[in-house]
Structures are given as C-alpha cells and as structure tokens.
Amino acid sequence: MSLLYPNSRREMEEHRFHPLVLILVPLLAIFFQAYLPLRFPSVGFLNVPVLVVIYFSVSRRSPIGGTLLGMIIGIIQDALTHLPLGVNGIIDCILGYLAASIGLRIDVDNPGTRLIMNFTFILLASILHVLILRRLLGIHEQWYGLHEVVRAVVNGLIGVVLFALLDRLRQRQ
Amino acid sequence: MHNECSLVSTSSEHGLLSSQPVAGLMESFLSRNRNPLMLLAVVLAQLLGLAVQVRRPTADNSSHQTRLIRYWVVSLISPFERVFLFVGHGVSHTWDDYVDLRHVRAQNQQLQAELNRMRLEQSALAEDARQDIRLQKLLSFQQNYISKTVAGHVIGTSGTDLSRVVYIDKGFDNGIRTDMPVITPDGVVGKIRAVFPHTAQVLEINDQTSGLGVILTRTRLRGILRGTTDGRTEITDILPDERIQPGEQVITSGGDQVYPSGLPVGVVERIVPDPEQNSDVALLIKPAVNLSRLDEVLVITQTQDTVPSTMQQDVSTSEQRAADVLAQRLPGALPPPDVGPDGKPLNANSPPPPVRPPAPLHPDRFTPGATPPADDLKPGAAYQKQMFAPQSPANGTTQPGRAAQPSTAVSKPTATPTSKTQQEPQN
C-alpha cells in the first residue's frame, strides 16, 4: 500500500526528475502506445502518453513546463498518424497546463484525487479531440458517450498505478 | 518574546510564499535559468518550425510529400520496434521451430494430402483459366496479375484509433513505393501511404480516409468500400436490392487503379439504412483480414497483364503432379517400367511391371492383331476365315507363364487350306 500512498507531507513540493527520466518515460509511453496494440489490440483503449503528460505536469507544477511537455508529446503522437500535426499537440498542451495549475492548488499525491483527476482529464481530452476534429478539421467524428466514460474510468485506474510507479523515479531534494 | 517574534516572522514568510503569485515564481525561475531556457526555446521553436513547415518528397520521389518531423519520429521509433520485433520473433521461432514440434508429422501428412487435392483442383481449373485468358484477349480486356510481392513485418501502429495506419519494416530500399497495394493471403489490408528508406506506412482499408473499389461476387454490384470512424468498413450509396444477402463475398473491382481485381476484401455482414441517403442502404463488410492482428503482409510491387511465368510453372507443375497423383490412385495408368528380357525390372527401385490382361484362350477375329493388314485385303474379295495365332509382344519378349496357353488354343480350330497358308508366315 505504501506504493499507492506516497508521503503526502511533500504534497506541495515541486518534484524533480532526472533529465533522462523526463526524456525516456514519454518516449517509452509513445513507443508502447504504438507497439503494444499489435500484440494486444485492447491496449489501444489506453492513452498512456496523456497520462504521462498529466503526471509530469502535476509533479513539476509548472504550467509552462506542462504546456511544452504536452506540446512535444502530442506532436510526436500526431507524427505517427496520417492526420495533421497538432491535434494531439493542442490537446496535450492544454491538459499539461491545466494539470500543472491544479497541482499548485490541491493535493495530487492522494490516489483518490489522482483517480478523479485522471478521469476528468481523459474525458476532457476526448471532448477536445472531437471538438478539434469537427470544428477545425471538418472530420465527422462520432461521439460515443458511454464508451468515452468507460475509457476515462479505465485510464484513470491505470493512471493511479502508473503514477505510483513513476513516483519511484522522483529525485529526493 | 523572541519566540513569538520568530513565529510571527516565520508565518509571515510562509504567507508571503503562499500568496506569491505564480507569475512571480515563474519570473524567478526564468531569471535563474534565463540563458539555457532561451537557447532551448529558440532552438526548439526553430526545429519545430522547420519540421512542420518543411516538406520533403517521399523516398520514391513521387508527388506525395512528407513533413520532416514525420521522418524524424519514424526514424526514432522504428528502430525500437524493430528490436522488439526481432527479439520477439527470435523467441517465438526458437520455440516453434525447435521445441514445439508435436503433431508435425501428422500435420505434414495432412498437408501433403491437401496439397495433392489442391493440385488436382488446380489442374482442373487451369483449362478454365486458359480459356478465360483467351477470351480476355479476344475482348482486349486488361487484367492485372500479381507478378512480384515483397513480404514485410508489421512493426508498429499509429497508437490511436482515429488513424488506422500501421508501419512495416520494408521501405524504399526494398522496392516499396506509395500507393502499392498491401495484402495477406486472406485478402486486402490497405495501401502504402508514405515510404521511408527502411519503413513504410500502410493505410488500412478501415481508415475513414480510405477508399477501395469493390464488387459483390454474386450480384455483381459495384461500390466503394470506406472505413468508418469506429474502424468498421462499409459500402454506402447502394440501391436496395433483395438479392444482396449477408455472407456474400466482396472482392476488389480493379477500377481504382490501385488494387488488382479479384482480391478478396470481405463478406457482407449486415445491411443497414444509409444514414446519409434515406433511399439507399449501406452494407457493413466484415474484412477478410483481421486488421487488428496483422503480423506479416505482402506488398504488391509489380503487376502485369499476362500470366506470370511463375504462375504458369505452378500450373504446369500441378498438372504433372496431378497426373502422378492420379497414376498412384489408378495403377493401370502407370508408365511402363524399365524391364529386362526376363520381364524383371532393371532397376530394383523401379515399380513392378504393370498388370496386363491375360492372353485369350480362344482367339477370334476380334482379338487384337488377328486382322490382316489392309494391304493384304482385296476389295470385293470374300472374307476368309483365319487361323488365329498366339499373340506375342511387340518387343519379342513373352510374358512368363502365359506363352504356352495360346499354342494349345490354335490346335482346336477347324482350319481351312487358305487359313493354313496364312498361318505359314507365322511358323
């Protein structure tokens, strides 16, 4: 249980990470998002890169940093598709900014808070996704409400575990 | 007092810290790391601007152009995917090829029997195919045959359901070009959308930007198969027709100038009202290929309008093998073995001599060889009864155990003088 309950006394601290962690973890998330659906098609249900953006933004509590990180990860995600670059970039940088802003105000080390936060952000990502596709690109993307809610719940649960694992990579100050 | 003062000062410091605006924190952070951040921001902005704005032609110098950043990302991600694929295949091949070999012998026999059956079927179909080709030539009908393919492994996906693309480990250096069809033995997968030096992006048929000319095999209705946002495939704008039934096969029509005609695409799964045209229906198609579990694919790199030589060789081989298979099932159809003067096979490994019908005990005028040559017969002359001599093989050898029987038979007939004269040459 200690894995799921990090020390909450440091909740308002700005957590630091080794630069390699900041580079490798997002790349690994993108890699697994692209590779694992080949072996396990249901993995496509997850959105690991967005979870990583949320985690680092919340942990570093830097809106600009979260924005930049979200933009970079989102553009890399876009580059792997055949769609215009920027769809996921816009979504991820908005999420990164919001996550960093929330991290400045509330305790985000609590698993319950993380679950609600991940659920909200993944659902927001889906809404932004549909809005951008419909309004900016003119692509008629279907909106399946229940499907997106279930997806947000699953991603939220996965995010709680993922965040607990990533907590181990923090640098002690 | 001192303690109180310190407490007050500490709390006031905390209050200042907590109430310090975010902009202030950021300002101090920026002022402390101004130089490296500025350098990073400028370099990153320029790189991103360059990557987004610059379009470079694809590796095959076609009209398609790809953004520079796509090259970078694919070049960065694909090596990892290759390594994972290599390791995974190594482990699975080691297991499959060296460890897990149970039932292989039985499976081999079963496959051999199936191969024989297929050769017989192919042989039977070969003549139909030849006739079809002749008719096509007569009608000047252009038919494209697959003459060359390149096999590739699927190494990655786009990572999102919105973009149904996969990456394969073959690229420009392997002869892959844009718009080449990608198939599996089960059916159509999609087409090449972007080509990189060692990697290629395949747009699957269930992507919503994909389009494919198809034809229904039984009703011969033509249409365009498109992908939907949820990853299904459908044919829209079809007039309601009672003949269309679920289960009907869908194949490529060849009209899109990308896919050769006749490739299996899928089967009709359901018929639903067209959401955009109330008077029409849409056919939901179940793809012949499991697009979510692709492993190996074939890229059609070359087609031709004549039957490829390899296919001709396959057909001729099948016909020969089909004859062998039939010969094994029908012993009388075996070719004559090499036998010596004593009737025994020269080669010990050669099959035994074929079974021939026994010599007749009572030869008559219907016995093969009993009728005199046409040169010896005179027009209008009365038919003369003949003495029937025993039949001897053309090569002068007699079959063991059977030569004595006819000689006893020739002593029985009531021979006339003329028949004796005809018998003289044989004596």
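Our subject is the structure listed above.
Just so we're clear, the structure is a prediction, and the values are computed from it rather than from any experiment.

Caption draft 1: Region of the structure containing the overall build of chain B. Each helix and strand in chain B was counted, giving eight helices and 14 strands. When the 427 residues of chain B are sorted by exposure, 31% land in the buried category. Long-range pairs, those at least 24 residues apart, make up 56% of the contacts in chain B with a sequence separation of at least 6. By element, 56% of the accessible surface of chain B is carried by carbon and sulfur atoms, the whole surface being about 27,600 Å².

Caption draft 2: Molecular detail of the packing of aromatic side chains. Scanning the entire structure with this criterion turns up 10 aromatic pairs over all chains. With 5.8 Å between their ring centres and 65° between their planes, Phe17(A) and Tyr55(A) make a pair best called edge-to-face. Note that Phe17(A) is positioned in strand 1 (residues 16-17) and Tyr55(A) in helix 2 (residues 48-60), a separation of 38 residues in sequence. An aromatic cluster of three or more residues is present, and its members are Phe31(A), Phe32(A), Tyr35(A), Phe80(B) and Phe84(B).

Caption draft 3: Structural view of the side chain of Ser163(B). One can find Ser163(B) in the loop between strand 3 (145-157) and strand 4 (165-168). Among all residues touching Ser163(B), those that are not within four sequence positions of it are Thr81(A), His82(A), Leu83(A), Ser158(B) and Asp207(B).

Caption draft 4: Structural view of helix 1 (residues 19-39) of chain A. All names here are of chain A. For helix 1, spanning 21 residues, the distance from its first C-alpha to its last is 31 Å, which sits close to the expected 30 Å at 1.5 Å a residue. At Gln33, helix 1 is bent by approximately 30°, the largest bend along its length, and proline Pro37 sits one to four residues beyond. Turning to helix 1, its buried residues number three or more, namely Val21, Val25, Pro26, Ala29, Ile30, Phe31, Gln33, Ala34, Tyr35, Pro37 and Leu38.

Caption draft 5: Main features of the interface of chain B and chain A. Taken residue by residue, the interface counts 40 residues in chain B and 35 residues in chain A. Contact between chain B and chain A buries roughly 3,200 Å² in total, counting both sides, with carbon and sulfur atoms accounting for 67%. Inspection of the region where chain B meets chain A yields zero salt bridges. Linking chain B to chain A there are six residue pairs in polar contact (both at pLDDT 80 or more). Put simply, the parts of the chain that give the side of chain B that touches chain A at least two residues each are helix 2 (22-32), helix 3 (34-53), helix 4 (68-99), strand 3, strand 4 and strand 7 (200-204) of chain B. At 10 residues, the largest contribution of residues to the side of chain B that touches chain A is made by helix 4 of chain B. Residues that form the side of chain B that touches chain A fall into these classes: 18 nonpolar, 12 polar and 10 charged.

Caption draft 6: Up close: the pairing of strand 11 (residues 249-252) of chain B. Residues and elements named next belong to chain B. Sheet analysis places strand 8 (residues 211-216) next to strand 11, joined by three bridges and oriented antiparallel. Note that in strand 11 the partner of Ile215 across the bridge is Ile251. As defined by bridge partners, strand 11 adjoins strand 12 (residues 264-273) across three bridges and the pair is classed as antiparallel. Residue Gln249 lies in a different strand from strand 12, and its bridge partner there is Val267.

Caption draft 7: Fine view of a nonpolar patch on the surface. Together, Leu28(A), Phe32(A), Val83(B), Phe84(B), Phe86(B), Val87(B) and Val91(B) line one region of the surface with nonpolar side chains, adding up to about 670 Å² of accessible area. Put simply, the parts of the chain that give the nonpolar patch at least two residues each are helix 1 of chain A together with helix 4 of chain B. With five residues, the single largest contributor to the nonpolar patch is helix 4 of chain B. Overall, the relative accessible area of 31% leaves Phe32(A) in the partly exposed class.

Caption draft 8: How the structure looks around the pairing of strand 12 of chain B. Strand direction decides the pairing type here: strand 12 of chain B and strand 13 (residues 281-287) of chain B, joined by seven bridges, are antiparallel. In the sheet register, Gly266(B) faces strand 13 of chain B, and the bridge partner there is Pro287(B).

Caption draft 9: Here's a closer look at empty space enclosed by the protein. Counted by the stated rule, this structure contains five cavities of 30 Å³ or more. The computed volume of the largest cavity comes to approximately 60 Å³. Considering the residues around the largest cavity, the lining is formed by Ile30(A), Gln33(A), Pro49(A), Gln77(A), Leu80(A), Asn88(A), Ser158(B), Gly159(B) and Thr160(B). Looking at the lining of the largest cavity residue by residue, the class counts come to three nonpolar, six polar and no charged.

Caption draft 10: Just the pattern of salt bridges, in detail. Within this structure, the stated rule accounts for 12 salt bridges over all chains. For the salt bridge of Asp167(A) with Arg170(A), the shortest nitrogen-to-oxygen distance reads 3.1 Å. As far as the burial class goes, Asp167(A) and Arg170(A) line up, both buried. Of the charged contacts in the structure, one is a salt bridge between Arg243(B) and Asp241(B), with a shortest N-O distance of 2.8 Å. You can call Asp241(B) partly exposed: its relative accessible area is 24%.

Caption draft 11: Seen up close, the sheet that holds strand 11 of chain B. The sheet built from six strands closes into a barrel, its strands ordered 8-9-10-13-12-11 (chain B) with antiparallel pairing. Pairs of neighbouring strands in the sheet enclose a mean axial angle of 40°, with direction left out of account.

Caption draft 12: Representation of helix 2 of chain A within the structure. Residue and element names in this part refer to chain A. In a regular helix each residue adds 1.5 Å, so 13 residues correspond to 18 Å; helix 2 covers 18 Å between its end C-alpha atoms and thus fits that length. By the criterion of burial, helix 2 is predominantly enclosed, with 11 of the 13 residues buried. Taken as a whole, helix 2 has its buried residues at Pro49, Val50, Leu51, Val52, Val53, Ile54, Tyr55, Phe56, Ser57, Val58 and Ser59. Downstream of helix 2 by a residue or two, Arg61 has a phi angle that is positive, lying close to 55°.

Caption draft 13: Geometry of unusual backbone geometry. Residue and element names in this part refer to chain B. A positive phi angle, near 65°, is found at His103, a position not held by glycine. Its location among the elements puts His103 in the loop between helix 4 and helix 5 (104-138). His103 gets classed as exposed once you look at its relative accessible area, which sits at 63%. Within the chain, Arg220 stands out as a residue other than glycine whose phi angle is a positive 60°. As for its position among the elements, Arg220 is in the loop between strand 8 and strand 9 (222-227).

Calculation criteria
- Residues numbered from 1 in each chain as written.
- Chains lettered and ligands numbered in written order.
- Predicted model: local features only at pLDDT ≥ 70, side-chain atom pairs only at ≥ 80, totals over all residues.
- Heavy atoms only, no water.
- Helix = DSSP H or I, 4+ residues; strand = E, 2+ residues; numbered from the N terminus.
- Buried < 20%, exposed > 50% of the residue type's maximum accessible area, 1.4 Å probe, protein only.
- Contact = heavy atoms within 4.5 Å.
- Areas by Shrake-Rupley, 256 points an atom, 1.4 Å probe, with all protein chains shown as cover.
- Phe/Tyr/Trp six-rings, centres within 6.5 Å; stacked < 30°, edge-to-face > 60°.
- Expected span 1.5 Å × (residues − 1).
- Bend = angle between axes of the 7 residues up to and from the residue.
- Buried area = accessible area lost by both parts, 1.4 Å probe.
- Salt bridge = Lys/Arg side-chain N within 4 Å of Asp/Glu carboxyl O.
- Polar contact = N/O pair within 3.5 Å; in protein donor to acceptor, adjacent residues only side chain to side chain.
- Nonpolar A, V, L, I, M, F, W, Y, C, P; charged D, E, K, R; others polar.
- Pairing = 2+ DSSP bridges.
- Patch = residues over 30% accessible without salt bridge, like charges linked within 9 Å, V, L, I, M, F, W, Y side chains within 5 Å.
- 1 Å grid on protein atoms, 1.4 Å probe; cavity = no way out; pocket = protein on both sides within 12 Å on 5 of 7 lines; lining within 4 Å.
- Points joined across faces, edges and corners; volume = space filled by probe spheres on them.
- Axes fitted to C-alpha atoms, helices over the stretch in contact; angles between N-to-C directions.

Keep in mind these values describe shape, not function.
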